[in-house]
Amino acid sequence: MEELSGTKISKEILQELKQEVESLATQNIHPCLAVILVGDDPASAIYVKNKKKKCDQLGIKSVETVLPQDTTQEELLKVIDKYNEDPTVHGILCQVPLPPQCDEEQVIRRIKGQKDVDCFNPCNVGLLAAGTPRYMPCTPYGILQILKRSGHDTKGKCCVVLGRSNIVGRPLSIMMSLKGWDATVTLCHSKTSNLEKVCMRADILVAAIGIPHFVKKEHVKQGAIVIDVGINRIDDPTSKKGFKLVGDVDYENISDVAHAATPVPGGVGPMTITMLMYNTINAARLQSNLPKFEI
Ligand code: GUN
């Protein structure tokens, strides 16, 4: 089974992005991402730190607002409004999940469509579904870049997506069915009947359900491409941290049947931040009336 390395493909794309940032600088355009972190979720804090680090590496400016766990909805909306009105800020990202007193949906809707580099705002999801995307959501677009850059065309293929989340499964299923990607898509979820049988039809199988090692060889057709979006923490007393990260796919178990698969870690994970950087660059271009930078 071939390993589809998101780490390697990420590096390739980041090099192209770095050049684009340098080229924009000569036109006095300096992409800037604002990141908002609310509360003390340790995983979110790590994600935010990594996003800032990646911005630094590319020469993208970043600003950050860290708010306490007991922040009110009004306080959070005020921060979003400030960044919405700041012309030097091109992209705004509010890390989710939010503490329970905050209304995630309202927060997402408050971020201006032009600055919504996550592509979570329904106005951008609508543009995507209409086939005229302003931005592409980071993880799904990262998956499509892995497929494209490893030579696995989606055109005419039967693609089965497991999981209908707003962040990954649903937008990915829409994107794969659009002109250009041209896949025949089935979106499965917890109520899907005969799941193994449906998965067995897939030329490309994407697992985004958040259940460790759920996908086994019984789900995988001979020669299929398997994309693992899962990042599940499971207890591991032998690790220094006390846990390890495993995917939604039992990688060893499928290795005799699948043609290729993404590992965890080092598969889809690194692509998400890379595509966020891509969207931030395009946010700066869009707000400077320049056409999209295509990769
Ligand atoms: N939480 C987990 N993934 C993401 C993401 O891509 N964007 C935001 N804003 N929050 C997240």
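Above this text sits the structure in question.
How each quantity is defined
- Residues numbered from 1 in each chain as written.
- Predicted model: local features only at pLDDT ≥ 70, side-chain atom pairs only at ≥ 80, totals over all residues.
- Heavy atoms only, no water.
- Pairing = 2+ DSSP bridges.
- Helix = DSSP H or I, 4+ residues; strand = E, 2+ residues; numbered from the N terminus.
- Contact = heavy atoms within 4.5 Å.
- Axes fitted to C-alpha atoms, helices over the stretch in contact; angles between N-to-C directions.
- Near = heavy atom within 4 Å.
- Polar contact = N/O pair within 3.5 Å; in protein donor to acceptor, adjacent residues only side chain to side chain.
- Nonpolar A, V, L, I, M, F, W, Y, C, P; charged D, E, K, R; others polar.
- Salt bridge = Lys/Arg side-chain N within 4 Å of Asp/Glu carboxyl O.
- Buried < 20%, exposed > 50% of the residue type's maximum accessible area, 1.4 Å probe, protein only.

Engineer: What is the right way to read the sheet that holds strand 6 (residues 184-188) from this model?
Structural biologist: The strand order across the open sheet built from six strands is 1-11-8-7-5-6, with neighbouring strands paired in parallel fashion. Across the chains shown, the open sheet's two edge strands, defined by having one partner strand only, are strand 1 (2-3) and strand 6. Note that strand 1 and strand 11 (residues 260-261) share two bridges and pair parallel. Paired with Glu3 across the two strands is Ala261, which belongs to strand 11. Helix 7 (residues 169-177) rests against strand 5 (158-162), strand 6 and strand 7 (204-207) of the sheet, and its axis sits at about 170° to strand 6.

Engineer: Would you take a moment to explain the site of the ligand for this structure?
Structural biologist: For the ligand, the full set of nearby residues is Leu93, Cys94, Gln95, Val96, Asp118 and Phe120. Taking Cys94, its main chain carries an N or O atom lying 2.9 Å from a nitrogen atom of the ligand. In the environment of the ligand, a nitrogen atom lies 3.1 Å from a nitrogen or oxygen atom belonging to the side chain of Gln95. Along the lines of polarity and charge, the residues of the shell around the ligand split into four nonpolar, one polar and one charged.

Engineer: Any chance you could explain the side chain of Gln73 here in plain terms?
Structural biologist: Within the secondary structure layout, Gln73 lies in helix 3 (residues 73-85). Here the side chain of Gln73 touches Gln106 through a polar contact of 2.6 Å, side chain to side chain. Apart from residues lying up to four places away in sequence, Gln73 is in contact with Gln101, Cys102, Asp103, Gln106 and Val107.

Engineer: For this particular structure, what's the right way to read the pattern of salt bridges?
Structural biologist: Under the defined criterion, the tally for this structure stands at ten salt bridges. Close ionic contact of Glu20 with Arg285 constitutes a salt bridge, the shortest N to O distance being 2.7 Å. Of this pair, Glu20 sits in helix 1 (residues 6-26) while Arg285 sits in helix 10 (residues 269-286), and the two are 265 residues apart along the sequence. Residue classification places Glu20 among the buried positions, given a relative accessible area of 8%. A residue is classified by how much of its surface remains accessible, and Arg285, at 12% relative accessible area, is buried. For the salt bridge of Glu105 with Arg109, the shortest nitrogen-to-oxygen distance reads 3.2 Å. On the criterion of helical spacing, the pair formed by Glu105 and Arg109 is a turn pair, its members being four residues apart in helix 4 (residues 104-110). Taken together, the shared-partner salt bridges connect Glu12, Glu16 and Arg149 into one network.

Interpretation in functional terms is not warranted from these geometric data alone.
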